[in-house]
There are 2 protein chains.
Amino acid sequence: MQILQQTFQVPYTYSIFFTKRLFDVANDTLRSFFGSFSQAGFQRKVLIAIDGGFLAHHPQLQEEINHYFSSLEDLVKLVPQLVVLPGGEAAKNDPALFDELVEAIDNYGIDRHSFVIGIGGGAILDLVGYAAAVSHRGVKHIRIPTTVLSQNDSGVGVKNGINYRGKKNFLGTFAPPVAVFNDLTFLQTLDDRDWRGGIAEAIKVALIKDQSFFEWIEVNAEALAQRNEEVMAYLIHRCAEMHVEHIRSGDPFEFGSSRPLDFGHWAAHKLEYLTDFQVRHGEAVAIGIALDCVYSVKVGKLTDAELQRILTVIQKLGFDLYHPKLAENDKINLRNGLQEFREHLGGRLTIMLLDRIGKGVEVHEMDANLIAESVDYLEGHYANLMVG
Amino acid sequence: MQILQQTFQVPYTYSIFFTKRLFDVANDTLRSFFGSFSQAGFQRKVLIAIDGGFLAHHPQLQEEINHYFSSLEDLVKLVPQLVVLPGGEAAKNDPALFDELVEAIDNYGIDRHSFVIGIGGGAILDLVGYAAAVSHRGVKHIRIPTTVLSQNDSGVGVKNGINYRGKKNFLGTFAPPVAVFNDLTFLQTLDDRDWRGGIAEAIKVALIKDQSFFEWIEVNAEALAQRNEEVMAYLIHRCAEMHVEHIRSGDPFEFGSSRPLDFGHWAAHKLEYLTDFQVRHGEAVAIGIALDCVYSVKVGKLTDAELQRILTVIQKLGFDLYHPKLAENDKINLRNGLQEFREHLGGRLTIMLLDRIGKGVEVHEMDANLIAESVDYLEGHYANLMVG
């Protein structure tokens, strides 16, 4: 028997730009980005797909975009259609939207040297990123996240995907964008729930990786709750930085058993689903973090004093710590959630718990009774609040 | 403005095993491969999708596979369903087959640590590879190519894909397999056209990269035409080796303007389409090579003596050098083919021509009149043959 061995490495590089008023012609961030791709002999095209909900809050945006790109005609050519998509998780459940994007890519002759830009929250970016990744085996994809959650977490990462038969992200790829543009001014029109939602991912990453960042969040919880933009700008930058670093230093495409940054996420995914996505991702993550912190205390890792600090900061930010769906069906649903989480990542169950604030620790099993006790603990906490 | 820079490399490695009677329990190639993935704590699953045409020629295969995997139960667990797919290019045109594969992956709980094996020709491997690549963002994919063409070319490479609205490979990804198993005995049931078809890719790679390999093909053309297995084994190994080397040393996922090994392919793709895939890929490539060799002489690169050697060896192998569809519609179709080829690869048009036997050279334009003259040349050659 003969064997040929194939081995190679594929290099990826992209920048995340933090800016304001991205489509103001006075802002040359996009111009200089496209300038770096300039090449004699052909003009690259740009197709933009945008979250309709976001567009409704920024009625002047379409004109601004057209104006901005008309000043870039020496570099790239914007195709005449703006693809407007319904925002939110529903976008990932509708295969017709994926088809619509692929057809637009085909109709406008977007090739592997052209760009597809997604503008919107995490769900839109996941959908647009997936369509871009599989068309022509990957056209160049640019992300312009418009929520805190997507600016500091999913939008700066390497994943995309859509749901399939109710299974979250069942279809997708690992496909880094060629650039991410985080515009702080886009956050002004977020409702309070979405403003707050993204902070959950910052708490998550701080808890498992960086005690001093957690302490910074404690100090600034009030300012964040009151929508202080400059404080939020720091939070997003630091969170994105840690997210990017985690991807770089780990196993970016998750071939092995190394895990993504998913503390608090196993219960969060299930809770989103059980509430038909009425509980939004960041809100669910806040509850999932609370649950896994209580569990961490019950298995003798985290101290109770640390737990109280964590629950306090989560509440100060305006998050709930509990949802009645957690306890429904005698916690059976939650146990299924653990199983589904294992299946999606594959292989052995691996769950991140907290050893202390700033240091996560992986475990390979969770005790169903202790999970139930942790749910009860949060329910009691919640009941006390209701009474208090 | 702040900028975060993300840079990382993703390592890929896989082996291509050349063996005989892969599913004979006496052959431990698969056993030792799966053994290398063994890990305490969970059992990996295996889902197999197979070309129905191939299976019809090997009626005992399903039992052999079940028997082989029953001896591997300490390592992996074969799911109870064998997914049988219609073979040939039609498989890539039918979105329902993609759905069927994704559903099987879902139903049997195939996760990112389990395996999907595709057994069949290039089209089946492209389809199965695509479904595997996008399910859970990539389950582990094994290719078992059953044609000369897939054993020496596409099957050992990094691409997958399906057709979309008549556009070849419009949807797909770059996703290396975790292993390729080339079983020489699988080629025995090929019809003569498919046995011959794969030799076109060997001629292609020899012409642009390796004069001595071309001379080896000249010497062995007779033996190849007479289906000498050991001669074919060398041809496949050498061709696969050069294909793998080209991927490794170049730009494996074609991010830049570097090209795949596509000499003779722009006209071949169009000819396949124009004949509704009655002309098979290898046959179309042989004609495409002939066309680009004639063109290379017309632009003063290749010598006429070299051209005659090339046309002779192509004919000796039993290929046609011409098809009437090439001349149809005043060659307009062929010009469109050039345009579509550019669009699929994107960016500037880049076509490989021959400088001499063993050395390709890239050009960025082709003259429509000279293409037409080249078609006429091959038509004349063909007419002479008919008379002769």
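Rules and cut-offs
- Residues numbered from 1 in each chain as written.
- Chains lettered and ligands numbered in written order.
- Predicted model: local features only at pLDDT ≥ 70, side-chain atom pairs only at ≥ 80, totals over all residues.
- Heavy atoms only, no water.
- Pairing = 2+ DSSP bridges.
- Helix = DSSP H or I, 4+ residues; strand = E, 2+ residues; numbered from the N terminus.
- Axes fitted to C-alpha atoms, helices over the stretch in contact; angles between N-to-C directions.
- Contact = heavy atoms within 4.5 Å.
- Phe/Tyr/Trp six-rings, centres within 6.5 Å; stacked < 30°, edge-to-face > 60°.
- Buried < 20%, exposed > 50% of the residue type's maximum accessible area, 1.4 Å probe, protein only.
- Lys NZ or Arg CZ within 6 Å of the ring centre and 35° of its normal.
- Domains from an automatic or database assignment.
- Buried area = accessible area lost by both parts, 1.4 Å probe.
- Salt bridge = Lys/Arg side-chain N within 4 Å of Asp/Glu carboxyl O.
- Polar contact = N/O pair within 3.5 Å; in protein donor to acceptor, adjacent residues only side chain to side chain.
- Least-squares fit on C-alpha atoms with pLDDT ≥ 70 in both.
- Nonpolar A, V, L, I, M, F, W, Y, C, P; charged D, E, K, R; others polar.

(A) View of the sheet that holds strand β8 (residues 179-183) of chain A. In space, the 12 strands of this open sheet follow the order β3(A)-β2(A)-β4(A)-β5(A)-β8(A)-β1(A)-β1(B)-β8(B)-β5(B)-β4(B)-β2(B)-β3(B), with mixed pairing throughout. Edge strands, defined here as strands with exactly one partner in the open sheet, are β3 (76-85) of chain A together with β3 (76-85) of chain B. Pairs of neighbouring strands in the sheet enclose a mean axial angle of 20 degrees, with direction left out of account. Pairing analysis gives 5 bridges linking strand β2 (residues 44-51) of chain B to strand β4 (residues 115-120) of chain B, with the strands arranged parallel. Each residue of the ladder has a partner; that of B:Ala49, found in β4(B), is B:Gly118. Contacting β2 (44-51), β3 and β4 (115-120) of chain A, helix α5 (residues 95-107) of chain A runs over the sheet at an angle of about 165 degrees to β3(A). On top of the sheet, helix α11 (residues 229-249) of chain B reaches β1 (2-19) of chain A together with β1 (2-19) and β8 (179-183) of chain B; it is set at about 20 degrees to β1(A), its chief contact.

(B) A look at the packing of aromatic side chains. For the structure shown, the criterion picks out 46 aromatic pairs over all chains. Taking the centre distance of 5.1 Å and the plane angle of 90 degrees together, the rings of B:Phe37 and B:Phe115 count as edge-to-face. With B:Phe37 in the loop between α1 (29-35) and β2 and B:Phe115 in strand β4, this residue pair connects regions lying 78 residues apart in the sequence. In this structure B:Phe115 comes out as buried when scored by relative accessible area, which is 0%. Three or more aromatic residues joined by ring pairs form one cluster here, namely A:Phe8, A:Tyr12, A:Phe174, A:Phe253, A:Phe255, B:Phe8, B:Tyr12, B:Phe174, B:Phe253 and B:Phe255. Taking the ring centre of A:Phe174 as reference, the NZ or CZ of B:Arg137 above it sits at 5.9 Å.

(C) Representation of the domain arrangement of chain A. Residues and elements named next belong to chain A. Taken as a whole, chain A is organised into domain 1 (15-189) and domain 2 (192-387). Each of domain 1 and domain 2 has a C-alpha centre, and these two points are 28 Å apart. A combined buried area of about 2,200 Å² lies between domain 1 and domain 2, and 67% of that area is made up of carbon and sulfur atoms. For the interface between domain 1 and domain 2, the tally reads 4 salt bridges. Linking Lys159 and Glu254 is a salt bridge whose minimum nitrogen-to-oxygen distance equals 3.0 Å. At the boundary of domain 1 with domain 2, the tally comes to 7 residue pairs in polar contact (both at pLDDT 80 or more). Per-element accounting of the side of domain 1 that touches domain 2 gives the leading share, 4 residues, to helix α7 (residues 148-152).

(D) How the structure looks around the relation of the copies chain B and chain A. Expressed as a screw transformation, the operator carrying chain B onto chain A has a rotation angle of 180 degrees and an axial translation of 0.0 Å, and the superposed copies differ by an RMSD of 0.1 Å. When the rotation and shift are considered jointly, the pair of chain copies conforms to a two-fold rotation axis. Identified as the residue of chain B closest to the rotation axis by C-alpha distance is B:Val10, at 2.6 Å. Of the residues that chain B buries at the interface, 100% are likewise interface residues in chain A, meaning the two copies contact each other through the same surface.

(E) Geometry of the interface of chain B and chain A. Taken together, the 70 residues of chain B in the interface contact 70 residues of chain A. Regarding the contact of chain B and chain A, the summed buried area is about 7,100 Å², with carbon and sulfur atoms giving 53% of it. Between A:Asp106 and B:Lys167 there is a salt bridge, with the nearest N and O atoms lying 3.1 Å from each other. Put simply, chain B and chain A have 41 residue pairs in polar contact (both at pLDDT 80 or more) between them. Looking at the side of chain B that touches chain A, the elements with two or more residues in it are β1, α5 (95-107), α6 (122-134), β7 (167-171), α11 and α15 (332-345) of chain B. Looking at the side of chain B that touches chain A, the element that brings in the most residues is β1(B), giving 18 residues. A per-class count over the side of chain B that touches chain A returns 31 nonpolar, 23 polar and 16 charged. Pairing between β1(A) and β1(B): 17 bridges, direction antiparallel.

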